[in-house]
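Residues per chain are reported as follows:
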Amino acid sequence: MPNLPRAGPDQLARDEQVSSRRRQLEDYLNKLLRMPIYRKYHTTMEFIDVSQMSFIHDLGPKGLEGMIYKRSGGHRIPGMNCCGRSKVCYHWSKRWLVVKDSFLLYMKPDTGAISFVLLVDKEFTIKMDSKDTDTRHGVRINSLSRTLILKCISYRHARWWGQSIENFVRKHGKAFLRDHRFGSFAPEEENILAKWYVNGKTYMEDVADALEEAREEIFITDWWLSPEIFLKRPVVEGNRWRLDCILKRKAHQGVRIFVMLYKEVELALGINSEYSKRTLMHLHPNIKVMRHPDHVSSSVYLWAHHEKIVVIDQSVAFVGGIDLAYGRWDDREHRLTDVGSVTRAVAMAMEEKSGKKQLDHNDSSTDPTNQSNGRSKATGSEEENSHKLKGVGRTRKGHFSLSRLHRHGIRYTDSVSSLDSTDRSSSLQSLQTGVGELMGNTRFWHGKDYCNFVYKDWVQLEKPFDDFIDRYTTPRMPWHDIASVVHGKAARDVARHFIQRWNFTKIMKPKYSSLSYPFLLPKSHTTANELRYQVPDCVQTKVQVLRSAADWSAGIKYHEESIHTAYVQVIAKSKHFIYIENQFFISCADNRQVYNKIGDAIVERIIRAHKENKRYRVYVVTPLLPGFEGDITTGGGNALQAVMHFNYRTMNRGDYSIISQLKKEMDDQWMNYISFASLRTHAELEGRLMTELIYVHSKMLIADDNTVIIGSANINDRSMLGKRDSEVAVIVEDTETVPSVMDGEDYQAGKFALQLRLECFKIILGAFTDPSIEVTDPVSDRFYKEVWMATSARNATIYEKVFQCLPSSLVRNMQELVNFKSNTGLDKEDPARAKELLKKIRGFLVQFPLEFLSEENLMPSVGTKEAMVPTEIWT
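Residue indices begin from 1 for each chain and proceed along its sequence in written order. Local features in this predicted model are restricted to residues whose pLDDT is 70 or higher, and side-chain atom pairs enter the listing and the counts only when it is 80 or higher, whereas totals over whole chains, interfaces and linings include all residues. Side-chain metrics in this entry use all non-hydrogen atoms of the structure; hydrogen atoms and water are not considered.

Participant: Sorry if this is basic, but what is going on with the overall build of the protein chain here?
Facilitator: Where helices and strands are cited, they refer to DSSP runs of H or I of at least four residues and of E of at least two residues respectively, numbered from the N terminus. Broken down by element type, the protein chain carries 27 helices and 30 strands. For the protein chain, buried positions account for 60% of its 875 residues. Residue contacts follow a heavy-atom distance rule, with two residues in contact if any of their heavy atoms lie within 4.5 Å. Considering only intrachain contacts with a sequence separation of at least 6, the fraction spanning at least 24 residues in the protein chain is 74%. When the accessible surface of the protein chain is totalled, it reaches about 35600 Å², and 51% of it is carbon and sulfur. A 1.4 Å probe rolled over the protein chains alone gives each residue an accessible area, and that area as a share of the maximum for its type sets the label: buried under 20%, exposed over 50%, partly exposed in between. Method for areas: the Shrake-Rupley scheme with a 1.4 Å probe, in which residue coverage is limited to the protein chains shown.

Participant: What is the right way to read the pairing of strand β1 (residues 64-71) from this model?
Facilitator: Within β1, seven of the eight residues are buried, which leaves it mostly tucked inside the rest of the structure. In the sheet, β1 pairs with strand β2 (residues 92-99) via eight bridges, with the strands oriented antiparallel. Bridging across to β2, Glu 65 finds its partner in Val 98. Sheet analysis places β1 next to strand β7 (residues 147-151), joined by two bridges and oriented antiparallel. Across the sheet, the residue bridging to Tyr 69 is Lys 151, located in β7. One requirement defines pairing of two strands: DSSP has to find at least two bridges between them.

Participant: Just checking my understanding: could you explain the packing of helix α23 (residues 781-803) against helix α26 (residues 831-838) for this structure?
Facilitator: Between two packed helices, both the angle of their axes relative to each other and the distance between the axes serve to describe the pair. At a minimum axis distance of 10 Å, the contact between α23 and α26 shows a crossing angle of 170°. By the angle class used here, α23 and α26 are roughly antiparallel. Contacts from Ile 798, Tyr 799, Lys 801, Val 802 and Phe 803 in α23 reach Ala 834, Leu 837 and Leu 838 in α26. Grouping the constituent residues of the contact of α23 with α26 by class yields seven nonpolar, no polar and one charged. Geometry is summarised by axes, namely lines fitted to C-alpha atoms with helices restricted to the contacting stretch, and by angles between N-to-C directions that run from 0 to 180 degrees. The scheme is simple: roughly parallel for angles under 35 degrees, roughly antiparallel for over 145, roughly perpendicular for 65 to 115, oblique for anything else. Residues are grouped as follows: Ala, Val, Leu, Ile, Met, Phe, Trp, Tyr, Cys and Pro are nonpolar; Asp, Glu, Lys and Arg are charged; every other residue, Gly included, is polar.

Participant: Looking at this model, I keep getting lost on the environment of His 334. Mind explaining?
Facilitator: Tracing the sequence through the fold places His 334 in the loop between β13 (316-320) and α11 (344-359). Classification of His 334 by relative accessible area gives buried; the value is 1%. Along the backbone, His 334 and Ile 694 are 360 residues apart, and their C-alpha atoms lie at a distance of 7.5 Å. Every residue in contact with His 334, bar those within four places of it in the chain, is listed here: Asn 199, Pro 478, Trp 479, His 480, Thr 681, Ile 694 and Phe 844.

Participant: Looking at this structure, I do not really get the sheet that holds β7. What am I missing?
Facilitator: Adjacent strands of a sheet pair through backbone hydrogen bonds, lying either parallel or antiparallel. Strand order in the open sheet formed by seven strands is β4-β3-β2-β1-β7-β6-β5, and the pairing between neighbours is antiparallel. The strands lining the two open edges of the sheet, one partner per strand, are β4 (114-119) and β5 (125-127). Pairs of neighbouring strands in the sheet enclose a mean axial angle of 35°, with direction left out of account. Seen against the sheet, helix α5 (residues 155-172) touches β1, β2, β5 and β6 (138-142) and runs at an angle of roughly 120° to β1.

Participant: Got a minute to help me understand helix α15 (residues 488-508) in this structure?
Facilitator: An α-helical segment advances 3.6 residues per turn. Residues three or four places apart therefore align on the same side. Multiplying 1.5 Å by the residue count of a helix minus one yields the expected span of that helix. A rise of 1.5 Å per residue sets the reference length of α15, with its 21 residues, at 30 Å; its end C-alpha atoms lie 30 Å apart and thus fit the reference within 8%. In terms of burial, α15 is a largely internal element, 19 of the 21 residues being buried.

Participant: When you look at the packing of aromatic side chains in this model, what are you seeing that I'm missing?
Facilitator: Two descriptors summarise a pair of aromatic rings, namely the distance from one centre to the other and the angle between the planes of the rings. Aromatic rings from Phe, Tyr and Trp, taking only the six-membered ring of Trp, are treated as a pair when their centres fall within 6.5 Å; an angle between ring planes under 30 degrees marks them as stacked, one over 60 as edge-to-face, and anything in between as tilted. For the coordinates displayed, the defined rule picks out 30 aromatic pairs. For the pair Tyr 579 and Tyr 619, a centre-to-centre distance of 6.4 Å together with 65° between the ring planes defines the contact as edge-to-face. One end of the pair, Tyr 579, is in strand β20 (residues 577-582); the other, Tyr 619, is in strand β21 (residues 617-621), with 40 residues separating them in the sequence. Judged by relative accessible area, which is 0%, Tyr 579 ranks as buried. Under the relative-accessibility criterion, Tyr 619 is labelled buried at 0%. Among the aromatic residues, those joined into a ring-pair cluster are Phe 219, Phe 258, Phe 498, Trp 502, Tyr 512 and Tyr 517. Sitting over a ring, as applied to charges here, requires NZ of Lys or CZ of Arg to be within 6 Å of the ring centre and within 35 degrees of the ring normal. Geometry around Phe 185 places Arg 547 over its ring, the cationic atom sitting 4.2 Å from the centre. Above the ring of Tyr 616, the side-chain terminus of Arg 605 is found at 4.2 Å from the ring centroid.

Participant: Is there a simple way to think about the pattern of salt bridges in this case?
Facilitator: A side chain with one charge may pair with a side chain of the opposite charge, provided their charged atoms come close. Any Lys or Arg side-chain nitrogen found within 4 Å of a carboxyl oxygen on Asp or Glu counts as a salt bridge. The tally for this structure, following the rule as stated, stands at 42 salt bridges. Note that Lys 542 and Glu 188 form a salt bridge whose closest N and O atoms lie 3.0 Å from each other. On the criterion of sequence distance, the pair formed by Lys 542 in strand β18 (residues 539-549) and Glu 188 in strand β8 (residues 188-198) is long-range, its members being 354 residues apart. Overall, the relative accessible area of 17% leaves Lys 542 in the buried class. A salt bridge links Lys 523 to Glu 216; the nearest nitrogen and oxygen atoms lie 2.6 Å apart. Residue Lys 523 is located in the loop between α15 and β18, and its partner Glu 216 is located in the loop between α7 (200-212) and β9 (217-222); the two are separated by 307 residues in the primary sequence. Judged by its relative accessible area of 40%, Glu 216 is partly exposed. A network of salt bridges, in which partner residues are shared, links Asp 58, Glu 216, Arg 492 and Lys 523.

Participant: Honestly, the pairing of β13 in this entry has me stumped. Any pointers?
Facilitator: Regular strands show a simple pattern: their side chains alternate between the two faces of the sheet. Where burial is concerned, most of β13 is hidden: five out of the five residues are buried. Side chains of β13 alternate between two faces, with Val 316, Phe 318 and Gly 320 and Ala 317 and Val 319 buried alike. When strand β12 (residues 309-312) meets β13, the two strands line up antiparallel, connected through four bridges. Directly across from Ile 309, in β13, lies its bridge partner Val 319. Here β12 folds back onto β13 in antiparallel fashion, the turn holding three residues, of which Asp 313 has a positive phi close to 50°.

Participant: Please explain the side chain of Arg 476 as it appears in this structure.
Facilitator: As for its placement among the helices and strands, Arg 476 is situated in the loop between β15 (436-437) and β16 (479-480). Within the structure, the side chain of Arg 476 is placed 3.1 Å from the side chain of Asp 330, a separation counted as a polar contact. Polar contacts, as counted here, are pairs of nitrogen or oxygen atoms within 3.5 Å of one another; within protein the pair requires one atom able to donate a hydrogen and one able to accept it, and residues that are adjacent in sequence qualify only if both atoms are side-chain atoms. Within the structure, the side chain of Arg 476 is placed 2.8 Å from the backbone oxygen of Arg 335, a separation counted as a polar contact. Contacts of Arg 476, omitting those with residues within four sequence positions, involve Gly 327, Trp 329, Asp 330, Arg 335, Leu 336, Trp 445, Tyr 450, Cys 451, Asn 452 and Glu 692.

Participant: When you look at empty space enclosed by the protein in this model, what are you seeing that I'm missing?
Facilitator: Here the idea is plain: a probe the size of a water molecule rolls over the atoms and shows the empty space left. Note on definitions: the grid is 1 Å and covers protein atoms alone; a cavity is a set of points where a 1.4 Å probe fits but cannot get out; a pocket is an open set with protein on both sides within 12 Å along at least five of seven lines; lining residues have an atom within 4 Å of a point. Grid points are joined across faces, edges and corners, and a volume is the space filled by probe spheres set on the points. A complete count under the given rule lists ten cavities of 30 Å³ or more for this structure. One number sums up the size of the largest cavity: a volume of about 140 Å³. In terms of lining residues, the largest cavity is bounded by 14 residues, among which Val 117, Ser 145, Gln 500, Phe 504 and Ile 507 are the most central. Looking at the lining of the largest cavity, the elements that each hand over two or more residues are β4 and α15. If you tally residues by element for the lining of the largest cavity, the top one is α15, at five residues. Residues of the lining of the largest cavity, tallied by class, amount to nine nonpolar, five polar and no charged.

Participant: For this particular structure, what's the right way to read unusual backbone geometry?
Facilitator: Most peptide bonds adopt trans geometry, and most residues besides glycine take a negative phi value. Cis geometry marks the peptide bond from Arg 233 to Pro 234, where omega comes out at -5°. Residue Pro 293 is bonded to the preceding His 292 through a cis peptide linkage, with omega at 5°. With respect to the helices, strands and loops of the structure, Pro 293 is situated in the loop between β11 (287-292) and α10 (295-298). At Asn 272, a residue that is not glycine, the phi angle is positive and equals roughly 50°. Along the chain, Asn 272 falls in the loop between β10 (256-262) and α9 (273-281). You will see that His 334, though not glycine, has its phi angle at about 45°, which is positive.

Participant: So what exactly am I meant to see when it comes to the nonpolar core here?
Facilitator: Taken as a class, soluble globular proteins show a tendency for nonpolar side chains to be buried jointly. Ile 602, Ile 606, Leu 662, Ile 674 and Phe 676 are the most contacted members of the largest nonpolar core, which has 72 residues in total. Tallying contributions element by element places helix α18 (residues 598-611) first for this core, with seven residues. Apart from residues no more than four positions distant in its own chain, Phe 676 is found in contact with Phe 585, Val 620, Met 651, Ile 658, Ile 659, Gln 847, Phe 848 and Leu 850. Note on terminology: a nonpolar core comprises buried Ala, Val, Leu, Ile, Met, Phe, Trp, Tyr and Cys residues joined through side-chain atoms within 4.5 Å. Core analysis: the next-biggest nonpolar cluster, separate from the first, contains 66 residues, Ile 192, Ile 309, Ala 495 and Val 708 among them.

Participant: Looking at this structure, I do not really get the environment of His 57. What am I missing?
Facilitator: Summarising the element assignment, His 57 is placed in the loop between α3 (42-47) and β1. Sequence-wise, His 57 and Ser 524 are 467 residues apart; in three dimensions their C-alpha atoms are separated by 8.6 Å. Dropping the residues within four chain positions of it, His 57 is found in contact with Thr 527 and Glu 530. Within the local environment of His 57, its side chain forms a polar contact with the side chain of Glu 530, the two groups lying 3.0 Å apart.

Participant: I tried to follow the packing of α18 against helix α20 (residues 658-666) on my own but got confused; where do I start?
Facilitator: Packing of α18 against α20 leaves a shortest axis separation of 10 Å and a crossing angle of 20°. On the basis of their axis angle, the class for α18 and α20 is roughly parallel. Handedness of the α18/α20 crossing: right-handed. Residues Gly 599, Asp 600, Val 603, Ile 606, Ile 607, His 610 and Lys 611 of α18 form the contact with α20, whose own contacting residues are Ile 658, Gln 661, Leu 662, Glu 665 and Met 666. Classifying every residue of the contact of α18 with α20 gives six nonpolar, three polar and three charged. A crossing counts as left-handed when the near helix is turned anticlockwise from the far one by less than a right angle, and as right-handed when that turn is clockwise.

These values are about where atoms sit, not about what they do.
Written as structure tokens, this is what we have:
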């Protein structure tokens, strides 16, 4: 034990002795702290105001620390407001308080366990008067999420704490105290590396690579998550790039993984989040999964957590419309079929040839490859992809089974047995067989991933590798989507939103109160630019994170609708054009059924352009049909029709619609300003011509080739109003420009926005396969009329002739629908002529059928279960 030299009382008063005594005291304390037993002793730490949180580099500068008493309650949580609001309810607890630059926390002094984290926000205030604190010597800390009351030992002590917290936060965290543009919780961040993604292929590949680079923590939240989804395709490295295998590998390396899933109303949705949670939690103790909301305790039945986020080490954040779930992976080809390199004829021949040998080779009851789907060691997704379809009614003889190849000793790579294997060399074996190459080009979509949800919704998700629709008779529904990735401070802001939701859910649900579900801490913006990993091919931009959040979803006092505000303001300020891709198009406020004002902003901007006699274009791309199971040949069903009603109400039906409002101002001149379009494609399946709509799931706006909004928010009230579904988006504004053309004149376009628009236009107009299609100038008459409008009209006309496909503007009522169904298209009457016509198709763009069922009331009829739910479900 070191000694502190004693001195007489006179020495303490002499100036020349002060520095000497200071050095002696410093030396004494340093020696004391070198001794583990005293360094870790809580009284020592209390004496010098330090804890295990003091000097963590990523948590920013050392703040204030010390022992306080805190009062229970004060949370802004629906259903919990009775607790802690009256003096009868609350109790006091002794806690160690730590104040950092953008948050404060308190810990239990005996264990060091974090008991609560309070994020600094624009409502953050300090009060020290007794009337504000309801206690002597108190300090009251207000924020959007809680009112926290502290009790100190004296008046002076309370004033010191209150003033010190306020001064420290104002000095180090002032960015979080301000009101930000669009009412967002996050500031505009400069010099942010950003990248866009069109379709799931490149997005999932970059997510996989970023997950592989994680060193500390991974945050994931999705509306739906499928653990067995492959992030890199075709599958040539076994299960290495399967999501659950990546997460298990990282968890085993010590990375902590936190996943938040939307807890669906099971009677209404079949996404089986319970299975996803159970599957992930069984992989490794480092993986923690929460589901929210609890519908009964929170009284939230109608709204969903809809955001799609992946955050790596709080430094790289993926934000967009793409869930890590079945059906989402796609590329610019938007394939309709996926029978692999094995045709049915060859498969059946091989079955016949090997059938007799198999009868006396291995009895199926003892074959390990026939054990429970996707769970047993020897089961493989290639084998589960064998076409033994449950409930499809096909004979077993007619299907090609890879398990039979397996029994012949042919090793296939795509097996669950490689879950723990990281040996790449063994998984890269070639699979040359009598039926051609079985590796790589066999399948892109395995089991439940091959889907067409308008034809049939998902079933039996606990059997991930069993097909549930027959891929030899039913085409898949291609999926068109948009996402982004941001780095640095913007990624910190995305992580902050996730942390707020995680910590809120932990408080909200008692089952997550244990230490095994820790409170999460936001990293400091001061270290945000120290990027250890960066996604390749990024562009430097200005980024602001936006969200829809409320009391039920994030535990905050006032709801936030910054995505809605940003959409309206960007549209109003746009000078040349806006390009929208969205899964829904429900807007034009009547303040009775619909409240968001995006449609109204479009109308006002077009009318202004018309009055000023200036060219201005609005492009809207949305799905031909809403994504609900239903047979469109009989009208589509109540749910599908209800959403169609509100989409059409926004576009062209009723006084509030965009086209109706524009016609009052300019008659048919509206066609020069706005175009509604969709996507469709075709293919040949087992010798038959097929067509299917491409499901547009994007949530994107591009304005003037310099501003982009990408996120999870649909254009409807659910996503935009803030009080309903929770959403996250980013607005990206270009700071780097490249030469381009706008309305026939030279124009400095933003690098990020321009390249994204060109990618979208080239894909949907077919410019990648036909270089003569010019898409650079989005405003000129030549492009708008001769390329965009002409292509969409021509493609739609050809599809109607060949396939008699629905929806169609030729069908305005149910009687016409019956008559339309009785007609046959060229695909049946004259396949050769049909194929010739289909060669004239360019890209995927088709006109949106504005007159489809226009003479019918599409709202659910009285007595149906859809009519019994509130209208807000559909809007």
